[in-house]
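Structural features, examined
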Amino acid sequence: MIKKKNIRSPGRAKPRPASPPRLVEVEITAIGARGDGVARLGDDQVFVPFTLPGDKVVARIEGKRGDGLAAALVEVTEAGSGRVAPPCPHYRRCGGCSLQHLDDDLYATWKRDLLVTQLARQGLGDIAFGDMLRVPPGSRRRAVFAVHRSKGATHLGYNARASHTIVDLDDCLLLERPIAAFLAPLRSILTETVPAGEDGDVTVTLTENGLDVLVEMDARLDLFDREKLAAFADATDLARLSWRRPGSGFVEPIARRKPALVRFAEMPIEPPPGNFLQPTQGGEQAIAKLVAEAVGAAKSVADLYCGCGSFSLPLTRSGAHVHAVEGDEAPIRVLEAAANQAGLKLTTEVRDLARRPLLAHELKKYQAVVFDPPRAGAQAQAEQLAEAGPAVVVAVSCNPATLARDLAILVKAGYRVETVTPIDQFPYSPHLEALAVLRRG
Ligand SMILES: C[S@@+](CC[C@H](N)C(=O)[O-])C[C@H]1O[C@@H](n2cnc3c(N)ncnc32)[C@H](O)[C@@H]1O
């Protein structure tokens, strides 16, 4: 494990005199929203990662967390039922999959309950839930890896839990196999081309013509580096290799060997390098299917936060007039090109929907509205939708808390939540997507 530079500047704070570690013995009674076991210690709640209900553990108190205490697991002295052997050798070191010690029933119930709890907090207790849709390990088609070049080595992997420390990976069981197999050659080429001391990220996406790779690093490339990188793209048969210096809008194409194609309902699109895509193809198809079913026969549809059009393109092809809105221009241009190529007509708009949501009078012409915002949710947009009142609203979200908040705005305005479907595209983690269908009246 290696820490990225500039994360903690040495000398900024004087080292405190070491106080003896405070070890406690507690029994875990629940798993919290961030995936940590929860126990009581006097009047305090204690959060102990990598535990589950029924575990008796020795934990080391590390400090305050919210209105409770954060602790590190020292030892499980008695295991609760439902504890299984974690399948990944990086478990506990890597920050990615903190729930591998749960058996499948316990995991699935806890994950679904994340959504139930958030909805109940907003007074949405009486809701029909669809079965949780799940993707298998090994199906993740897009991943972002952290990189640090130290003097003797290149550290490449995911961040450790709540830290910028990089856990070096040679595999990850969640990844599509071609991405996992690419980690070793990627590490080698970064060692050859990036000077020691540099940090950055690499986004790797599996497309139907091979991997699409975007390196985001401050390192300046000279002609020799570019040639080496282009030869690497040939040797590893990449679809595309691009480089961006952080903070720069300019993406430098290093090699574009084949179109970096993915398909939305069989229609080819070539997303901009590093662009958002649903993390798994199966997840994307399942969500698009639920969206289409909910929209039904609506003839006019607004698709807000549309990205490259994973919902817009299929909806347009099935006969709806779609207005696709997105804050970033590049995916909108890709969507337009894909629609043209498929002979489909839709309208598009580049617009910051957090600052300038579609207003109620603009929304009135749509029979159905779909929104799929980032984690912060779509509060301002939900307020306008509540006022406009389209017959159907479909909310897709990767954050149960902001989803629940946005749904509550619509329910208060007279919508009925027809169904909420949990979608687990992030196995073993506390991240959960969901799709809610709301109808007027
Ligand atoms: C969760 S992604 C969904 C994309 C798309 N629906 C899909 O399935 O691929 C959220 C999208 O919202 C866009 N976005 C983020 N902030 C935005 C804003 N303030 N206004 C409009 N779009 C925004 C992002 O660029 C991204 O494409």
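Before reading on, note that the structure itself is shown above.
What comes next is a walk through the structure. None of these values were measured; they are calculated from a predicted model. (Residues numbered from 1 in each chain as written. Predicted model: local features only at pLDDT ≥ 70, side-chain atom pairs only at ≥ 80, totals over all residues.)

**Remarks on the overall build of the protein chain**
Counting its secondary structure elements, the protein chain contains 9 helices and 23 strands. Against the 2.2 N^0.38 benchmark of 22 Å for 441 residues, the protein chain shows a C-alpha radius of gyration of 23 Å, consistent with a compact globule. By its C-alpha atoms, the protein chain is 65 × 60 × 40 Å across when sized along the principal axes. Classification of the 441 residues of the protein chain by burial places 44% in the buried group. Of the contacts made within the protein chain by residues no fewer than 6 positions apart, 61% connect residues no fewer than 24 positions apart. (Helix = DSSP H or I, 4+ residues; strand = E, 2+ residues; numbered from the N terminus. Rg over C-alpha atoms; globule rule 2.2 N^0.38 Å. Buried ≥ 20, exposed ≤ 12 C-beta atoms within 10 Å, placed from the backbone. Contact = placed C-beta atoms within 7 Å.)

**Digging into the sheet that holds strand 5 (residues 56-65)**
Overall, mixed pairing links the 5 strands, which are arranged 2-3-4-6-5 in a closed barrel. Strand-to-strand twist of the sheet, defined as the mean angle between neighbouring strand axes without regard to direction, takes the value 50 degrees. For strand 3 (residues 37-41) and strand 4 (residues 44-48), the ladder comprises 5 bridges, and the chain directions are antiparallel. Bridge pairing in strand 4 links Ala39 to Val46. (Pairing = 2+ DSSP bridges. Axes fitted to C-alpha atoms, helices over the stretch in contact; angles between N-to-C directions.)

**Quick look at the sheet that holds strand 18 (residues 321-326)**
Read across the open sheet, the 8 strands follow the order 7-22-23-21-20-17-18-19; overall the sheet is mixed. Looking at which strands have only one partner, the edges of the open sheet turn out to be strand 7 (133-134) and strand 19 (347-350). Summarising the sheet, strand 7 and strand 22 (residues 415-424) pair through 2 bridges and their orientation is parallel. Residue pairing for strand 22: Arg134 is matched across the bridge by Asp424. Helix 4 (residues 281-295) contacts strand 7, strand 17 (300-304), strand 20 (368-371), strand 21 (392-397), strand 22 and strand 23 (433-440) of the sheet and is inclined by roughly 165 degrees relative to strand 21. Each of strand 18 and strand 19 is contacted by helix 6 (residues 329-341), which is oriented at about 170 degrees to strand 19, the strand it contacts most.

**Quick look at the environment of Phe47**
With respect to the helices, strands and loops of the structure, Phe47 is situated in strand 4. We classify Phe47 as buried; it has 22 C-beta atoms within 10 Å. Taking the C-alpha atoms as reference points, Phe47 and Leu186, 139 residues apart in sequence, are found 37 Å from one another. Phe47 has contacts with Gly32, Asp36, Val38, Arg65, Gly68, Ala70 and Ala71, leaving out every residue within four places of it along the chain.

**Overview of the pairing of strand 23**
It is a general feature of regular strands that their side chains alternate between the two faces of the sheet. Counting buried residues in strand 23 gives 6 out of 8 residues, a clear majority hidden from the surface. As paired strands, strand 21 and strand 23 are joined by 6 bridges and run antiparallel to one another. Opposite Val396, over in strand 23, you have Leu435 as the bridge partner. Both strand 22 and strand 23 contribute to a ladder of 8 bridges, which runs antiparallel. If you follow Tyr415 over to strand 23, its bridge partner there is Arg440.

**Quick notes on unusual backbone geometry**
Among all residues except glycine, the phi angle is most often negative; among peptide bonds, the trans geometry is most common. The backbone of Ala162 sits at a positive phi, close to 45 degrees, despite the residue not being glycine. Tracing the sequence through the fold places Ala162 in the loop between strand 9 (154-159) and strand 10 (165-168). Accessibility expressed as a C-beta count within 10 Å gives 10 for Ala162, which makes it exposed.

**Topic: the nonpolar core**
Grouped together as the largest cluster of nonpolar side chains are 63 residues, with contacts concentrated most on Val295, Val369, Val370, Val394 and Ala436. No other element matches helix 4, which puts 7 residues into this core. Filtering out sequence-adjacent residues up to four positions away, Ala436 remains in contact with Ala395, Leu403, Leu407, Val417 and Val420. If you look at the next biggest cluster of nonpolar residues, it comprises 55 residues, including Ile28, Val48, Ala71 and Trp243. (Core = buried A, V, L, I, M, F, W, Y, C linked by C-beta atoms within 7 Å.)

**Looking at the pairing of strand 6 (residues 68-78)**
Pairing geometry for strand 4 and strand 6, over 2 bridges, is parallel. When the bridges of strand 6 are listed, Phe47 appears paired with Ala70. Across 9 bridges, strand 5 lies against strand 6 in antiparallel orientation. Across the sheet, the residue bridging to Val57 is Val76, located in strand 6.

**Section: the environment of Asp234**
Within the secondary structure, Asp234 is located in helix 3 (residues 223-235). Along the sequence, Asp234 and Arg256 sit 22 residues apart, while their C-alpha atoms lie 9.9 Å from each other.

**Section: the packing of helix 8 (residues 379-388) against helix 9 (residues 400-412)**
It is at 8 Å that the axes of helix 8 and helix 9 come closest, and there the two elements cross at 15 degrees. Here helix 9 runs roughly parallel to helix 8, going by the angle between their axes. Classified by chirality, the crossing of helix 9 by helix 8 is right-handed. Where helix 8 abuts helix 9, its residues Gln379, Ala382, Glu383, Leu385 and Ala386 lie against Arg405, Asp406, Ile409 and Leu410. Here the contact of helix 8 with helix 9 is composed, by residue class, of 5 nonpolar, 1 polar and 3 charged. (Parallel < 35°, antiparallel > 145°, perpendicular 65-115°, else oblique. Left-handed = near helix turned anticlockwise from the far one by under 90°. Nonpolar A, V, L, I, M, F, W, Y, C, P; charged D, E, K, R; others polar.)

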